[in-house]
Amino acid sequence: MTYSSADRVYDEVKELILTCDLPGGEMISEGEIATRFDVSRTPVREAFLRLAAEGWMRLYPKRGALIVPIGEGEARDVLDARVLLETHAMESVSGDTVAIAALVGRLEDNLSQHRLVDPADASEFARLDAEFHQLIVAAGRNGLLADFYVSLGERHRRMTAERLRHDPGITERIVADHADLAQVVGAADAARFASLLTAHLTGVHGTDGSAA
């Protein structure tokens, strides 16, 4: 399959949205993006239509495209889905000592990388944050749920990048919480995992009212 100019613009603009380099609420124009990526307006228009269909943009004829902000309802729904999927995966794998050991190893590798990332690199930090949680779901060995969780990963990344823009210091809590979660995974304690995960997600993303 040919990788077209429209595909490139779509991928690169979407990445800017996911990393919040194009933050929610910002208006952009076809001309601005065409100039930025040195293409005509036609591939930009095609990319914008795809992004709008996926809910990342809202198009306004003759005015441009609005980057759709992360809504409170969307954030809550994403976090609820993540708790359900990650807890289910942990319950599924908790009786398999070999699988638990392998998962802990992967989580510790992720944590090692996370501790080395410059907190100012919000894009890489958010990517590793999403990867940590995806590793847990993948360990549950349910392909359909794992694929669905990956689809949530883009919204997860964006929410984390947005959180980092407002509070760069939250990186310390995220890494500390992940270390606690990895320890509980190692103990194969599914109930404790569910409790810690809920506290982690609500605390980091502010759904308990403690953050913006």
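What counts, and where the lines are drawn
Residues numbered from 1 in each chain as written. Predicted model: local features only at pLDDT ≥ 70, side-chain atom pairs only at ≥ 80, totals over all residues. Heavy atoms only, no water. pLDDT = per-residue confidence, 0-100. Contact = heavy atoms within 4.5 Å. Salt bridge = Lys/Arg side-chain N within 4 Å of Asp/Glu carboxyl O. Helix = DSSP H or I, 4+ residues; strand = E, 2+ residues; numbered from the N terminus. Buried < 20%, exposed > 50% of the residue type's maximum accessible area, 1.4 Å probe, protein only. Expected span 1.5 Å × (residues − 1). Core = buried A, V, L, I, M, F, W, Y, C linked by side-chain atoms within 4.5 Å. Pairing = 2+ DSSP bridges. Phe/Tyr/Trp six-rings, centres within 6.5 Å; stacked < 30°, edge-to-face > 60°. Lys NZ or Arg CZ within 6 Å of the ring centre and 35° of its normal. Arc of directions from axis to C-beta.

A.B. asks: Is there a simple way to think about the confidence of the model for the protein chain in this case?
C.D. replies: When pLDDT drops low, the exact placement of atoms in the prediction is not to be read closely. Mean pLDDT over the protein chain works out to 90, with 96% of the residues at or above the 70 mark. Taken as a whole, residues 208-212 scores under 50 in pLDDT and shows 6 contacts with residues more than four places along the chain or in a different chain.

A.B. asks: Teacher, can you tell me more about the pattern of salt bridges here?
C.D. replies: Oppositely charged side chains can form a pair if their charged atoms are brought close together. Following the criterion strictly, the structure yields 15 salt bridges and no others. Here E154 ties to K14 by a salt bridge, and the two come within 3.2 Å at their closest N and O atoms. Taken together, the residues E154 in helix α7 (residues 143-166) and K14 in helix α1 (residues 5-18) connect sequence positions 140 residues apart. Residue classification places E154 among the partly exposed residues on the basis of a relative accessible area of 28%. For the salt bridge of R165 with E162, the shortest nitrogen-to-oxygen distance reads 3.1 Å. One end of the pair is R165 and the other is E162, both in helix α7 and 3 residues apart, which spans about a single turn. Given the relative accessible area of 21%, E162 is considered partly exposed.

A.B. asks: I'm lost on α1 in this one. Help?
C.D. replies: Since the α-helix packs 3.6 residues into each turn, any two residues three or four apart lie on the same face. With 14 residues, α1 should cover 20 Å at 1.5 Å per step; its first-to-last C-alpha distance of 20 Å lies within 8% of that length. Among the residues of α1, A6, D7, V9, Y10, V13, K14, L16, I17 and L18 are the ones counted as buried. Among the structural elements, α2 (30-37), α3 (41-53), β2 (57-60), β3 (64-67) and α7 are those in contact with the buried residues of α1. Once α1 finishes, C20 follows within two positions and takes phi at roughly 65 degrees, a positive value.

A.B. asks: Mind showing me how you'd approach the environment of T42 here?
C.D. replies: Within the secondary structure layout, T42 lies in helix α3. The exposure class assigned to T42 is partly exposed, which follows from its relative accessible area of 43%. Each C-alpha atom, one on T42 and one on G186, is 52 Å from the other, the two residues being 144 residues apart in sequence.

A.B. asks: Can you help me understand the nonpolar core in this one?
C.D. replies: Side chains of nonpolar character tend, in soluble globular proteins, to be buried together. In this structure, M90, L107, V185 and F193 are the most contacted members of the largest nonpolar core, which totals 34 residues. When residues of this core are traced back to their parent elements, those giving at least two are α4 (72-93), α5 (97-116), α6 (122-139), α7, α8 (170-186) and α9 (190-205). Setting aside its immediate chain neighbours within four residues, L107 contacts F132, L135, I136, A182 and V185. Of all hydrophobic cores here, the second largest spans 20 residues; its members include I17, L18, I28 and F37.

A.B. asks: What exactly am I supposed to notice about the pairing of β3 here?
C.D. replies: Where a strand is regular, its side chains alternate between the two sheet faces. Sheet topology places strand β1 (residues 27-28) next to β3; 2 bridges connect them, and they run antiparallel. Within the sheet, the bridge partner assigned to I28 lies in β3 and is A65.

A.B. asks: Help me understand the sheet that holds β1 in this model?
C.D. replies: Strand pairing in a sheet relies on backbone hydrogen bonds, with the paired strands running either antiparallel or parallel. In space, the 3 strands of this open sheet follow the order β1-β3-β2, with antiparallel pairing throughout. The sheet is open, and its two edges are formed by β1 and β2, each paired on a single side. Pairing of β2 with β3, which is carried by 4 bridges, proceeds in the antiparallel orientation. Its bridge partner being in β3, M57 is matched across the sheet by I67.

A.B. asks: Honestly, the packing of aromatic side chains in this entry has me stumped. Any pointers?
C.D. replies: The relative placement of two aromatic rings is captured by the distance of their centres and the angle of their planes. Overall, the coordinates contain 0 aromatic pairs when judged by the stated rule. Against the face of Y10 rests R50, its NZ or CZ located 3.7 Å from the ring centre. The ring of Y60 has R63 sitting right over it, with the charged end atom 5.0 Å from the ring centre.

A.B. asks: Where do I start with α2 in this structure?
C.D. replies: Those residues of α2 that fall on the buried side of the exposure criterion are G31, I33, A34 and F37. End-on, the buried residues of α2 take up no more than an arc of 165 degrees, which puts them together on one face. Against the buried residues of α2 lie α1, β1 and α3. Backbone geometry just after α2 places D38 at a positive phi near 55 degrees.

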